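Descriptive structure summary
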Amino acid sequence: MTGTMNLKDLLTHNLRQSGILFAFVVIVGMFALLHPNFLSPGNISNIVLQYSYILILAIGMIIVIIGGHIDLSVGSLVALTGATSAVVVVQNGQPWWLGALAALVVGVLAGMWQGFWVAYVGIPAFIVTLAGMLIFRGLTFLVLDNISLSPFGGTYYEIANGFQNGLLGGRGVDVFTLVIFAVAVAGYAVNAWRNRRAAIAYQQEVVALPLFILKTVFVAAVVMWFAYQLASSRGLPNVLILLAILVLVYGLITQKTVFGRNVYAIGGNLHAAQLSGVKVKKVNFLIFVNMGLLAAVAGIVYSSRMNGAQPGAGNMFELDAIAACFIGGAAVTGGIGRVGGAMIGGLIMAVMSNGMQLMGIDQSVQQVVKGLVLLLAVAFDVWNKRRAGN
């Protein structure tokens with residue numbers, strides 16, 4: 001017989017995800033009270049633009065961490081791929097798409113290089129990617145000849161700085177942005193209802209109907225409020241469209257494909273995965289190829305945002321991406337984590353950075369706060385595991 005969960009059951013059923021959402025709401029509320037412009041349309045739009053590349057890196061990093069690995073090279077790879085685009089587009093005057101394609105090729109090749117050493121030679125990912133961090137940074141200096149290249153301009157610049165605005169009209173509020181988000185909300189509601197019906201059909205525990213409706217309405221209200229803020233500012237950012245596509249695609253890959261299930265199996269219990277016939281070497285290789293690809297996408301977005309390429313670009317990005325994943329509920333030991341959780345973790349990092357910048361807090365203090373939040377997130381994960389074990 002199908003069981004139903006009340007509010008208490010819902011919050012405690014997955015304490016890790018509930019804790020993340022609660023922390024996010026508290027942090028947003030705190031900065032909203034401390035600074036009057038924090039939730040203004042212009043600042044919300046800026047948060048999307050300024051931290052999109054970290055969220056893109058977090059999508060790849062969560063897969064790496066679920067598989068039981070770590071990647072310290074992504075910041076340097078962001079710099080290298082951005083430098084590649086700059087050489088093609090700025091220095092040689094080639095079309096924007098050729099620069100983007102060159103960056104993607106470099107990212108995939110770098111991922112193949114690291115995947116080979118991890119999967120087929122058997123060197124731990126920590127060592128391989130630490131070496132990669134040094135190699136890719138050095139190659140960035142060589143490619144750029146120790147100088148910055150700018151500006152990109154044109155279509156390439158619009159990748160991370162452009163907006164879709166006015167396509168359906170609107171006086172001060174972009175209708176197109178509201179329509180896109182309304183469609184997304186409708187899709188979410190339909191998918192949630194279908195999942196609920198499927199769970200009932202298999203006699204699984206589900207949330208009580210009134211609570212399900214309340215949750216859906218609350219999510220819809222928050223999303224449409226966010227859409228209204230964007231629509232009141234400059235419209236729908238191009239980079240948000242790209243990020244939404246990546247989240248949807250990788251959410252499906254991790255949850256609905258054989259590759260995704262194999263990644264969870266390897267991270268959860270490597271020996272059992274080997275005995276069950278999982279091609280561990282191939283999966284590990286593809287994990288790093290995928291990380292290289294997404295690092296290249298982040299490199300394109302970041303260089304577009306900066307309208308140029310610099311030898312020192314991407315510094316510490318790997319730590320922000322890793323922190324986003326662990327704050328978002330990924331387990332240190334692997335086998336646990338979701339793309340959605342990594343996005344929330346990344347948004348927590350983005351909100352904290354943006355809020356502290358608005359308040360004029362010194363950069364050194366910001367680093368201390370971020371470090372403490374990461375430590376507390378991992379400590380919460382450890383406590384939650386012990387609680388579940390008892």
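Let us look at the structure shown here.

1. Regarding the overall build of the protein chain
Check the secondary structure of the protein chain and you find 16 helices and four strands. Whereas a compact globule of 390 residues would reach a radius of gyration of roughly 21 Å, the protein chain reaches 21 Å, a difference of no more than 12%. Seen through its C-alpha atoms, the protein chain measures out along the principal axes to roughly 65 × 60 × 40 Å. Burial analysis of the protein chain (390 residues in total) assigns 46% to the buried set. At a minimum sequence separation of 6, the contacts of the protein chain that also span at least 24 residues come to 80%. For the protein chain, the exposed area adds up to about 18,800 Å²; of that, 68% sits on carbon and sulfur atoms. Charge centroids of the protein chain, computed over 20 positive and 10 negative side chains, lie 13 Å from each other.

2. Let's talk about a nonpolar patch on the surface
On the surface, W96, W97, L101, V105, L109 and M112 cluster together to form a nonpolar patch covering roughly 590 Å² of accessible area. Of note, V105 is situated in helix α5 (residues 96-121). Assessed through its relative accessible area of 42%, V105 is described here as partly exposed.

3. Some thoughts on the packing of aromatic side chains
Two numbers describe a pair of aromatic rings. These are the distance of the centres and the angle of the planes. Applying the stated criterion to the full structure yields eleven aromatic pairs. Ring centres of W113 and W117 lie 5.6 Å apart, and the angle between their planes is 70°; this geometry places the pair in the edge-to-face category. Highlighted residues: W113 and W117, both in helix α5, separated by four residues, approximately one helical turn. Summarising the aromatic geometry, the rings of F116 and W117 are spaced 5.4 Å apart at their centres and angled 75° between planes, so their arrangement reads as edge-to-face. By relative accessible area, F116 is classed as partly exposed at 38%. Using a relative accessible area of 29% as the deciding quantity, one classes W117 as partly exposed.

4. Things to note about the side chain of D174
Within the element layout of this structure, D174 appears in the loop between β2 (163-164) and α8 (175-201). Within the buried set, D174 has no salt-bridge partner at all; the shortest N-O distance to an opposite charge, 12 Å, is to R234. From its side chain, D174 meets the backbone nitrogen of G166 in a polar contact 2.7 Å long.

5. What to know about the nonpolar core
Among the nonpolar cores identified, the biggest contains 66 residues, and I56, L57, I59, M61, I62, C325 and M343 are the most heavily contacted of them. In terms of residue count, the dominant contributor to this core is helix α3 (residues 41-66) (16 residues). Excluding residues that lie within four positions of it along the chain, I59 makes contacts with L243, L246, V247, Y250, L294, V339 and M343. Ranked by size, the runner-up nonpolar core spans 18 residues in total, among them I20, F31, I344 and A377.

6. As for the environment of G329
Among the secondary structure elements, G329 is positioned in the loop between α14 (317-327) and α15 (339-358). Given a relative accessible area of 5%, G329 falls into the buried group. Linking G329 and G360, residues 31 residues apart in sequence, is a C-alpha distance of 29 Å.

7. A short note on helix α7 (residues 154-161)
When α7 is considered as a whole, its buried residues turn out to be Y156, I159, A160 and N161. Projected down its long axis, α7 shows its buried positions confined to an angular sector of 160°, all on one face. Here the buried face of α7 lies against α3, α4 (74-91), α5, β2, α10 (238-256) and α13 (280-306).

8. Considering unusual backbone geometry
The omega torsion of the bond from S150 to P151 falls at -5°, within 30 degrees of zero and hence cis. Of note, the phi angle at N146 is positive, near 65°, even though the residue is not glycine. For N146, a relative accessible area of 54% corresponds to the exposed category. Residue N307 is not a glycine yet carries a positive backbone phi of 55°. Inspection of the secondary structure assignment puts N307 in the loop between α13 and α14.

9. Observations regarding α13
For α13, spanning 27 residues, the distance from its first C-alpha to its last is 39 Å, which sits close to the expected 39 Å at 1.5 Å a residue. By the criterion of burial, α13 is predominantly enclosed, with 21 of the 27 residues buried. Just past α13, the residue N307 takes up positive phi, approximately 55°.

10. What to know about the environment of V88
Its place among the elements puts V88 in helix α4. For V88, a relative accessible area of 17% gives the class buried.

Rules and cut-offs
- Residues numbered from 1 in each chain as written.
- Predicted model: local features only at pLDDT ≥ 70, side-chain atom pairs only at ≥ 80, totals over all residues.
- Heavy atoms only, no water.
- Helix = DSSP H or I, 4+ residues; strand = E, 2+ residues; numbered from the N terminus.
- Rg over C-alpha atoms; globule rule 2.2 N^0.38 Å.
- Buried < 20%, exposed > 50% of the residue type's maximum accessible area, 1.4 Å probe, protein only.
- Contact = heavy atoms within 4.5 Å.
- Areas by Shrake-Rupley, 256 points an atom, 1.4 Å probe, with all protein chains shown as cover.
- Lys, Arg positive; Asp, Glu negative; His and termini not counted.
- Charge placed at Lys NZ, Arg CZ, Asp CG, Glu CD.
- Patch = residues over 30% accessible without salt bridge, like charges linked within 9 Å, V, L, I, M, F, W, Y side chains within 5 Å.
- Salt bridge = Lys/Arg side-chain N within 4 Å of Asp/Glu carboxyl O.
- Phe/Tyr/Trp six-rings, centres within 6.5 Å; stacked < 30°, edge-to-face > 60°.
- Polar contact = N/O pair within 3.5 Å; in protein donor to acceptor, adjacent residues only side chain to side chain.
- Core = buried A, V, L, I, M, F, W, Y, C linked by side-chain atoms within 4.5 Å.
- Arc of directions from axis to C-beta.
- Expected span 1.5 Å × (residues − 1).

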